[in-house]
Amino acid sequence: MKKVIALTLALMLSVCCLAGCGSAKDDNTLTMATNAEFPPFEYLEGEEIVGADVDIAKAIAEKLGKTLEITNIDFDAALTGAATGKYDVAIAGVTATDERRQNMGFTDDYYTASQAIIVMADSEIKAAADLEGKTVSCQEGTTGEQFLLDNEYAVQSFKTGAEAISALTAGKVDAVVIDNAVAKALSSKQDGKTVVLDEALTEEAYAIVTKLGNDELIGEINKALAELKAEGKLAEIFEKYELPYDAE
Ligand code: GLN
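The following refers to the structure shown. Note that this is a predicted model, so its numbers are computed, not measured.

In this structure, Phe41, Ile60, Tyr110 and Phe238 are the most contacted members of the largest nonpolar core, which totals 41 residues. With 7 residues, helix α2 (residues 52-64) is the largest single contributor of residues to this core. The contacts of Ile60, once residues within four sequence positions are left out, are Ile208, Ile221, Ala224, Leu225 and Leu228.

This is the structure in structure tokens:
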């Protein structure tokens, strides 16, 4: 009899643990999923996840009176994780698109971006029109990939932007399409071998992802974002990471 009770207790405990693991936790923690492969919005500095999104997340968490807990996972997993409520939010330079709005919640926008083209410095590709018939790499599950698919280019998708640009410098693809600020950050690490073309392929806005219908959290974050904007804190963060920003 004792054994049965012990077993039942053990089972109950493990079920509780499982239910608690990785889920949107207690009220004092804001769990955030990101993909730290997207400089200067989120990237690794040693073991530490840093970047503009991280600073914004910390400032929001502070306003909400919560402790921020960041998990670094693949970009598509970060989106799914927030959409299903495994994490409270995904903050990862995520473009709020109509398609994504079907199954995830979004806060107000906090940054304007576009897709940009990276090519080798000596490339014959000088504009988007020259991409016709070329092979282009991008990051999987992103709006850059969607743009390439919609326009029927030959696409090679990679888990990270860094791998997408490695494919370019290795001569495996003719160009990379990725978010403009990230294109600049990644290209600047290639010793002048690559350039970012001065042409915006899309117009996009970054927002924070939550579970669809989590209006309470969305409302709280929107309030925090508005305050951070009014206080000049957002502008300060973007300036720190040399990100162009129009405070309107
Ligand atoms: N802004 C792009 C998107 O939402 C890319 C984001 C990313 O790769 N982190 O798809």
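What follows concerns the sheet that holds strand β2 (residues 37-38). Overall, antiparallel pairing links the 3 strands, which are arranged β2-β3-β4 in an open sheet. For this open sheet the edge positions go to β2 and β4 (48-50), each flanked by a neighbour on one side alone. As judged from the 2 bridges shared by β2 and strand β3 (residues 42-45), these two strands associate in the antiparallel manner. Bridged to Glu37 within β3 is Tyr43.

What follows concerns the sheet that holds strand β12 (residues 194-196). Strand order across the open sheet formed by 5 strands is β10-β9-β11-β8-β12, with mixed pairing between neighbours. Each end of this open sheet is capped by a strand with a single partner; those strands are β10 (154-158) and β12. The mean inter-strand angle of the sheet, taken between neighbouring strand axes irrespective of direction, is 30°. Relative to strand β11 (residues 175-179), strand β8 (residues 115-120) runs antiparallel, the two sharing 4 bridges. Of the residues in β11, the one forming a bridge with Ala116 is Ile178. Across the sheet, helix α7 (residues 180-187) is in contact with β8, β11 and β12; its angle to β11 comes to roughly 125°.

Rules used throughout
- Residues numbered from 1 in each chain as written.
- Predicted model: local features only at pLDDT ≥ 70, side-chain atom pairs only at ≥ 80, totals over all residues.
- Heavy atoms only, no water.
- Core = buried A, V, L, I, M, F, W, Y, C linked by side-chain atoms within 4.5 Å.
- Buried < 20%, exposed > 50% of the residue type's maximum accessible area, 1.4 Å probe, protein only.
- Helix = DSSP H or I, 4+ residues; strand = E, 2+ residues; numbered from the N terminus.
- Contact = heavy atoms within 4.5 Å.
- Pairing = 2+ DSSP bridges.
- Axes fitted to C-alpha atoms, helices over the stretch in contact; angles between N-to-C directions.

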